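Commentary on secondary and tertiary structure
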Amino acid sequence: MKDVYILAIESSCDETSMAIVKNGREIESFTVLSQMDVHAEFGGVVPEIASRMHTENITMVLEETLKKSNVKMEEISAIAVTYAPGLLGSLLVGVEFAKTLSLVYKKPLIAVNHTIGHIYANAIENTLEFPLLALVVSGGHTDLILMKGDYDFEILGSTLDDAIGECYDKVARVLGLKYPGGPNVDKLSLEGEDTYPLPKPVNDSTYNFSFSGLKSHVINLVHNETQRGNEIRKSDLAKSFQVTAIDELTRKVELALQNYEVKELIIAGGVSANRYLREEIKKVADRYQIKLSIPKIEYCTDNAAMIGAAAYPLYKQKKFASFDLNPKSQATIVDK
Ligand code: KG4
Ligand code: ZN
């Protein structure tokens, strides 16, 4: 088959990103323009500002992405875009831009689910081996998924309340750390010891997760100690929280590995950038002697390379979107 070059666009939150992905696994060119510094002033992403900045930057990101590659617009096989889930105004900018490119250059349009994109970050420079077990951990998701083939998802378990990334962000806030919280908790925990006894998230044998109890416990602990005039050992609390939350993830992964025969274990989503998770999941994979895939850090957080990788199986199956494609703020990976 002729080489397939997909131009992928991601704008679901506060990153304007584009990539040219060859045959679903080689990154020809990759650009991420982050708005993080702007939103940090407000302590979180401001949707109105995010969509306005996507509009201002998207053409420049395309020019930059094309300039960095040897591929010309005429050689592109298809245009892929994140259409859900995410901030509606942000998604809309990417979707309309993709439709315009598709129309002007007469290229097929491919609609990609953002969460599936995170999973396919593991298909970059790697051949996914099915059946596989995927741990998806991001700002909106904490899912344990069994994949028997491309786009064949069985959700074994999910969070019953908060996503782990959300929990990281709230803990960061109460510790007085800047947005984005997760990476800062991760960094601070390096200087600390696991000395605060914290409740285990859920102590059951399902594949579900629950993080709201742990989150509330940390928040209450900080408030109570502050009211009593006691000092919080922030780095120790960050470490204790991190160990408790991540150990719960790896415990559930182990449980699934005991009950399902899989060829590969993968992790995906923003929280897969977490150092402690990367170390601990490697220990699990070694113990079970199973192939492990962890995306490179730049493909863990939001990026268009993963969208190009996720679009490739759809391209092969000719699953193209029409021009009435609309963004959706919410969608699960099993939505049709
Ligand atoms: O996947 P992502 O970029 O966006 C969503 O699709 O939700 O994930 C963002 C989440 C945020 O909650 C952020 O704090 C968290 O991932 N995150 C981390 C780390 N890097 C990003 N959490 C813990 N440790 C990290 N190193
Ligand atoms: Zn994401």
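To start, this report covers the structure provided alongside it. For every chain, the first residue of its written sequence is number 1, and the numbers climb from 1 along that sequence. As a convention, the first chain written is A and the first ligand written is 1, with the rest following in written order. The predicted nature of this model means local features are confined to residues of pLDDT at least 70 and side-chain atom pairs, given and counted, to a pLDDT of 80 or more, with totals for whole chains, interfaces and linings taken over all residues. The basis for the side-chain values is all heavy atoms of the structure; hydrogens and waters are excluded.

**What about the sheet that holds strand β10 (residues 291–293)?**
Strand order in the open sheet made by the five strands is β8-β7-β6-β9-β10, with mixed pairing throughout. The open sheet has two free edges, formed respectively by β8 (152–158) and β10, since each of these has just one partner strand. When strand polarity is set aside, the average angle formed by the axes of neighbouring strands in this sheet is 20°. Note on pairing: DSSP must find at least two bridges between two strands before they are called paired. Strands are runs of DSSP state E lasting at least 2 residues, helices are runs of H or I lasting at least 4, and numbering of each runs from the N terminus. Alignment of strand β6 (residues 132–137) against strand β9 (residues 264–268), held across five bridges, turns out to be parallel. Paired with L133 across the two strands is L265, which belongs to β9. Simply put, an axis is a line fit to the C-alpha atoms, just over the touching stretch for a helix, and the angle between two N-to-C directions goes from 0 to 180 degrees.

**Brief notes about the coordination of the zinc ion (ligand 2)**
For Na, K and Ca the donor cutoff is 3.2 Å, while for all other metals N, O and S atoms must lie within 2.8 Å; water is not among the atoms, so some sites may look incomplete. Protein coordination of the zinc ion (ligand 2) is provided by H114 (NE2), H118 (NE2) and D302 (OD), with donor distances spanning 2.0 to 2.1 Å. Under the classification used here, a metal with four donors is tetrahedral if each angle lies between 85 and 135 degrees, square planar if opposite donors are over 155 degrees apart and the others between 65 and 115, a six-donor metal meeting that same test is octahedral, and anything else is irregular. Geometry at the zinc ion (ligand 2) is irregular, judged from the six donor atoms that bind it and their angles of 54 to 163° at the metal. One chain supplies every donor for the zinc ion (ligand 2), spaced along it as H-x3-H-x183-D. Of the two residues, H114 is situated in helix α4 (residues 114–120) and D302 in the loop between β10 and α10 (305–316); the sequence distance between them amounts to 188 residues. Buried means the residue's accessible area, taken with a 1.4 Å probe over protein chains only, is under 20% of the maximum for its type, while exposed means over 50%, and partly exposed covers the values in between. Since its relative accessible area comes to 16%, D302 is described here as buried.

**Topic: the sheet that holds strand β2 (residues 15–22)**
Read from one edge to the other, the open sheet built from five strands follows the order β3-β2-β1-β4-β5, with strand pairing classed as mixed. Taken across any chain shown, the strands that pair with only one partner, and hence form the sheet edges, are β3 (26–34) and β5 (109–113). When the angles between neighbouring strand axes are averaged without regard to direction, this sheet yields 20°. Examined bridge by bridge, strand β4 (residues 78–84) and β5 share five bridges and lie parallel to one another. Directly across from A84, in β5, lies its bridge partner N113. The sheet contacts of helix α2 (residues 47–67) involve β1 (5–10), β2 and β3, and relative to β2 the element is tilted by about 25°. Any pair of residues with heavy atoms lying within 4.5 Å of one another is described as a contacting pair.

**Considering the packing of aromatic side chains**
The pairing test for Phe, Tyr and Trp rings, Trp by its six-membered ring, is centres within 6.5 Å, and the orientation test on the planes gives stacked under 30 degrees, edge-to-face over 60, and tilted for anything in between. Taken as a whole, this structure holds seven aromatic pairs when the rule is applied. Joined through ring pairs, the aromatic side chains of Y120, Y151 and F153 make up one cluster.

**Concerning the nonpolar core**
Buried together is how nonpolar side chains tend to be arranged in soluble globular proteins. Here, nonpolar core refers to any group of buried Ala, Val, Leu, Ile, Met, Phe, Trp, Tyr and Cys residues whose side-chain atoms link them within 4.5 Å. Of all hydrophobic cores here, the largest spans 46 residues; its most connected members are L133, L135, I164, L237, F241, L249 and V253. Going through the elements one at a time, β6, β7 (142–149), α5 (164–174), α6 (181–189), α7 (212–227), α8 (234–259), β9 and α9 (275–287) are the ones with two or more residues in this core. In this structure, L133 is in contact with L144, I145, L156, V253, A256, L257, V262, E264, L265 and I266, ignoring residues within four places of it in sequence. In terms of nonpolar packing, the next biggest core, distinct from the first, is built from 37 residues, A80, V112, I124 and A310 among them.

**Considering the packing of α7 against α8**
Running from N to C, α7 and α8 point in directions that differ by 165°, and their axes come no closer than 11 Å. As the angle between them shows, α7 and α8 are arranged roughly antiparallel. Judged by the twist between their axes, the crossing of α7 over α8 is right-handed. Here L214, V218, L221 and V222 of α7 come into contact with α8, specifically with L237, F241, T244 and A245. Looking at side-chain class alone, the contact of α7 with α8 contains seven nonpolar, one polar and no charged residues. Angular relationships are summarised with four words: roughly parallel below 35 degrees, roughly antiparallel beyond 145, roughly perpendicular across 65 to 115, and oblique for the angles in between. Put simply, a crossing is left-handed when the front helix is turned counterclockwise from the back one by less than a right angle, and right-handed when it is turned clockwise. Polar here means any residue other than Ala, Val, Leu, Ile, Met, Phe, Trp, Tyr, Cys and Pro, which are nonpolar, and Asp, Glu, Lys and Arg, which are charged; Gly is therefore polar.

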